[in-house]
Amino acid sequence: MPYIIDGKKISAEIKDELKQEVARLKERGITPCLAVIQVGEDPASTVYVNNKQKACAYIGMESRACRLAETVTEQELLELIDSLNKDDSVHGILVQLPVPGHIDEKRVIDAISPQKDVDGFHPQSVGALSIGEQGFVSCTPAGIIQLLKRSHIEISGKECVVVGRSNIVGKPMAMLLLRENGTVTVCHSRTRNLKEVCRRADILVAAIGKPRFFDESYVKEGAVVIDVGIHRDEHNKLCGDVDFDRVAGHVSAITPVPGGVGPMTIAMLMNNCVEAAQGNIVDE
Ligand code: GUN
């Protein structure tokens, strides 16, 4: 059997480390605070926002929930962001996505101060990552680097294949693996011979968004497989982009779904908030 990369355990370790750091900050009179803005009442978003608040409470941080009506205007939302940007007691600002259709998501992301952009979505944060400057990094790919490092999986010199090119996962993932000296290939819907490219991977990051898409024919014997997907199958069971049961016998290490990549996102969000409070923007 492969090594199962336990994201639940690693995220708990990170949160416990952060709890200690928050206690040290509090001794210096700083209580890290995350402002979470939710527009409307989408039930899935409400669950995510509540989980973020619970994580803040666990590590001893403050959280400020700003719940706005579905009908709020873009201008009102931008004004709220502006006031949070100017509020020294708020260190991180996150707008839960998606926002309703009448609000321009890009304008909202651009309005968040890069010093408080704990999601790492601001163009300045993305640009900083791509040229090796300090800035906040998108939480899911940052969490994947932590999973690999804390599982003692070497990245340097490895063939890394990322399937998916979203701004939130695929692109920052590629930049982070490159920064760790991996040899990186990014695949997407127009990639020819996807299977062949995936079979070259020492480290395969599956973020294609299709349930159980990757079977054993996509993986090289002994590869490391990171599954970013999360879906419910026809029996209402959670599954990833990878067909775990078919792939597990062929790989050296793999993340399960649930309990792999998922729990890391919130741990890295907390990490970014603590870094923001330290006024010292470090991304890992
Ligand atoms: N909606 C789903 N995932 C995310 C995330 O990571 N950040 C934000 N802001 N919204 C999301």
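For the structure, see preceding data.
Keep in mind that this is a model prediction, so the values were computed, not measured.

Our next topic: the sheet that holds strand E4 (residues 92–95). Strand order in the open sheet formed by three strands is E3-E2-E4, with parallel pairing between adjacent strands. Only two strands of the sheet have a single neighbouring strand rather than two, namely strand E3 (62–68) and E4. Averaged over all adjacent pairs, the angle separating strand axes in this sheet is 15°, with direction ignored. Pairing geometry for strand E2 (residues 33–39) and E4, over four bridges, is parallel. Within E4, the residue paired with Leu34 across the bridge is Gly92. Against the sheet, helix H2 (residues 43–59) contacts E2, E3 and E4, and its axis sits at roughly 160° relative to E3.

The topology assignment puts Leu177 in helix H7 (residues 170–179). Leu177 gets classed as buried once you look at its relative accessible area, which sits at 0%. Expressed as a C-alpha distance, the spacing of Leu177 and Val219, which sit 42 residues apart in the sequence, is 19 Å.

Moving on to the sheet that holds strand E8 (residues 223–227). Sheet architecture is open: six strands sit in the order E1-E11-E8-E7-E5-E6, paired in parallel fashion. Looking at which strands have only one partner, the edges of the open sheet turn out to be strand E1 (3–4) and strand E6 (183–187). As judged from the four bridges shared by strand E5 (residues 159–163) and strand E7 (residues 203–206), these two strands associate in the parallel manner. By the bridge assignment, Val161 is partnered in E7 with Leu204. Most of the contacts of H7 go to E5, to which it runs at about 170°, and overall it touches E5, E6 and E7.

Here Asp243 shows up in the loop between strand E10 (238–239) and helix H9 (244–247). Arg246 provides the closest opposite charge to the buried, salt-bridge-free Asp243, at an N-O distance of 4.5 Å. Once residues within four sequence positions are removed from consideration, Asp243 is found in contact with Arg212, Phe214 and Asp215.

This part is about the site of the ligand. Residues in close proximity to the ligand include Leu94, Val95, Gln96, Leu97, Asp119 and Phe121, which together make up its full environment. One of the backbone nitrogen or oxygen atoms of Val95 is found 2.7 Å away from a nitrogen atom of the ligand. Backbone polar atom of Leu97 to a nitrogen atom of the ligand: 2.9 Å apart, as the coordinates give it. Burial of the ligand by the protein amounts to 75% of the accessible area it has alone, namely 280 Å². When grouped by side-chain class, the residues that make up the shell around the ligand number four nonpolar, one polar and one charged.

Another aspect to go through is the nonpolar core. One recurring pattern in soluble globular proteins is that nonpolar side chains are buried together. With 49 residues, the main nonpolar core has Leu34, Met61, Leu148, Leu177, Val205 and Met270 as its most contacted residues. In terms of residues, this core owes the most to one element, helix H10 (residues 262–278), which gives 10 residues. The contacts of Leu34, once residues within four sequence positions are left out, are Cys56, Met61, Glu62, Ser63, Arg64, Gly92, Ile93, Leu94, Val118, Leu269, Met270 and Cys273. Listed in part, the 17 residues of the second largest apolar core include Val161, Ala201, Phe214 and Val219.

Definitions and cut-offs
- Residues numbered from 1 in each chain as written.
- Predicted model: local features only at pLDDT ≥ 70, side-chain atom pairs only at ≥ 80, totals over all residues.
- Heavy atoms only, no water.
- Pairing = 2+ DSSP bridges.
- Helix = DSSP H or I, 4+ residues; strand = E, 2+ residues; numbered from the N terminus.
- Axes fitted to C-alpha atoms, helices over the stretch in contact; angles between N-to-C directions.
- Contact = heavy atoms within 4.5 Å.
- Buried < 20%, exposed > 50% of the residue type's maximum accessible area, 1.4 Å probe, protein only.
- Lys, Arg positive; Asp, Glu negative; His and termini not counted.
- Salt bridge = Lys/Arg side-chain N within 4 Å of Asp/Glu carboxyl O.
- Near = heavy atom within 4 Å.
- Polar contact = N/O pair within 3.5 Å; in protein donor to acceptor, adjacent residues only side chain to side chain.
- Areas by Shrake-Rupley, 256 points an atom, 1.4 Å probe, with all protein chains shown as cover.
- Nonpolar A, V, L, I, M, F, W, Y, C, P; charged D, E, K, R; others polar.
- Core = buried A, V, L, I, M, F, W, Y, C linked by side-chain atoms within 4.5 Å.

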